[in-house]
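Chain by chain, the residues:
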Amino acid sequence: EGLYRSDFTTGSAQFDGEWLYGTYVMSAMGFGQLAAERPEQRGRWLALMEKAIDEVLSDRVRAFDTERWGSDALETLDTDEGHAAYLGYVNLAMGFHRLLKPDSKFAELNDDITEALRRRIAGSPIMMIESYPHETYPVDNCAVIASVAINGDKHLGTRWAAQCRAKYIDAYSGLLYQSVERQRGLPYDYPRGSGTTLGLYFLSFMDPELSGELYDAVKKELAGSVFGFGLVREYPRAVKGQNGDIDSGAVIFGYGLSPTGFALG
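Residues numbered from 1 in each chain as written. Predicted model: local features only at pLDDT ≥ 70, side-chain atom pairs only at ≥ 80, totals over all residues. Heavy atoms only, no water.

A. Just unusual backbone geometry, in detail. For His83, which is not glycine, the phi dihedral falls at a positive 55°. Structurally, His83 is set in the loop between α3 (59-69) and α4 (84-100). One non-glycine residue, Phe227, lies in the positive phi region at around 55°. Looking at the secondary structure, you find Phe227 in the loop between β1 (223-226) and β2 (229-232). (Helix = DSSP H or I, 4+ residues; strand = E, 2+ residues; numbered from the N terminus.)

In structure tokens, the structure reads:
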């Protein structure tokens, strides 16, 4: 079904646009998983995956990113602008589609975006690129590097994973920092559940070992239960007084909707 920003009610046009985009791009990934797991129905799921990716590539859905940057992510691939919040996710979806269907109609664009992201990551002093101007999020870069590695550059993926372990994972909790400073990579926010659970999903396409380490950290530091229902915290137990934000969703007694949902995924 056709969705629009008006179908979301975050109170922010920016976040409504992100949620519109996220709905389509994560649907594409889910349809891809179904295509991989159910070969007898592969044609059906691939068709839905292609439909979702077509939506992600539309002007309507990528407008949230264009508005923040003042430029179109797909028309500025020869620049050093990051656009990680858009390009990483859609490129991973296209790369996954290509694994399932080598003659993918997205192959040429997948190659072009992969080369732009590879160049930007390799040229970054912190091996991270910006999601929006002056905003750098490790979770978005998990999608970026996975999309590059899934398309063939395993060496860069190995280098990035080493950098991630050294700088972007909190030594105490084992969780990903939510945001980092763009010049030196210093943490700007706490290690958190929403970024870690989504990031480890993306990394499963590139580095199952690193993905597994993050998942184990989530189970150890964030997992709990209420009345027998498994839930996942947004912040480590040592962090007090934080109520979450648009990324975490509602946080109730410390447990977050986003990290719980992503952990299930």
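Here the narrative resumes.
B. The packing of aromatic side chains, seen in detail. Applying the stated rule across the entire model yields 11 aromatic pairs. For the ring pair Tyr89 and Phe202, a centre distance of 5.0 Å and an interplane angle of 80° mean the geometry is edge-to-face. Of this pair, Tyr89 sits in helix α4 while Phe202 sits in helix α8 (residues 193-203); the two residues are 113 residues apart in sequence, bridging distant segments of the chain. Of the two residues examined, Tyr89 and Phe202, each falls in the buried class. Three or more aromatic residues joined by ring pairs make a cluster, and in this case those are Tyr21, Phe64, Tyr86, Tyr89, Phe96, Tyr201, Phe202 and Phe205. Here the guanidinium or amino end of Arg68 rests over the ring plane of Tyr132, the centre of that ring lying 4.4 Å away. Stacked on the ring of Tyr255, the Lys or Arg Arg233 has its end atom at 5.8 Å from the ring centre. (Phe/Tyr/Trp six-rings, centres within 6.5 Å; stacked < 30°, edge-to-face > 60°. Buried < 20%, exposed > 50% of the residue type's maximum accessible area, 1.4 Å probe, protein only. Lys NZ or Arg CZ within 6 Å of the ring centre and 35° of its normal.)

C. Representation of the side chain of Gln178 within the structure. Its place among the elements puts Gln178 in the loop between α7 (154-168) and α8. Reaching out from Gln178, the side chain makes a polar contact with the side chain of Ser194 at a distance of 3.1 Å. Residues in contact with Gln178, not counting those within four places in the same chain, are Tyr137, Pro138, Asp189, Tyr190, Pro191, Arg192, Ser194, Gly195, Glu234 and Asp247. (Polar contact = N/O pair within 3.5 Å; in protein donor to acceptor, adjacent residues only side chain to side chain. Contact = heavy atoms within 4.5 Å.)

D. Representation of the state of the cysteines. One pass over the structure, following the stated rule, counts zero disulfides. With no disulfide of its own, Cys142 has Cys164 as its nearest cysteine by sulfur position, at a separation of 5.7 Å. On the basis of relative accessibility, which here comes to 0%, the residue Cys164 falls in the buried class. (Disulfide = S-S within 2.5 Å.)

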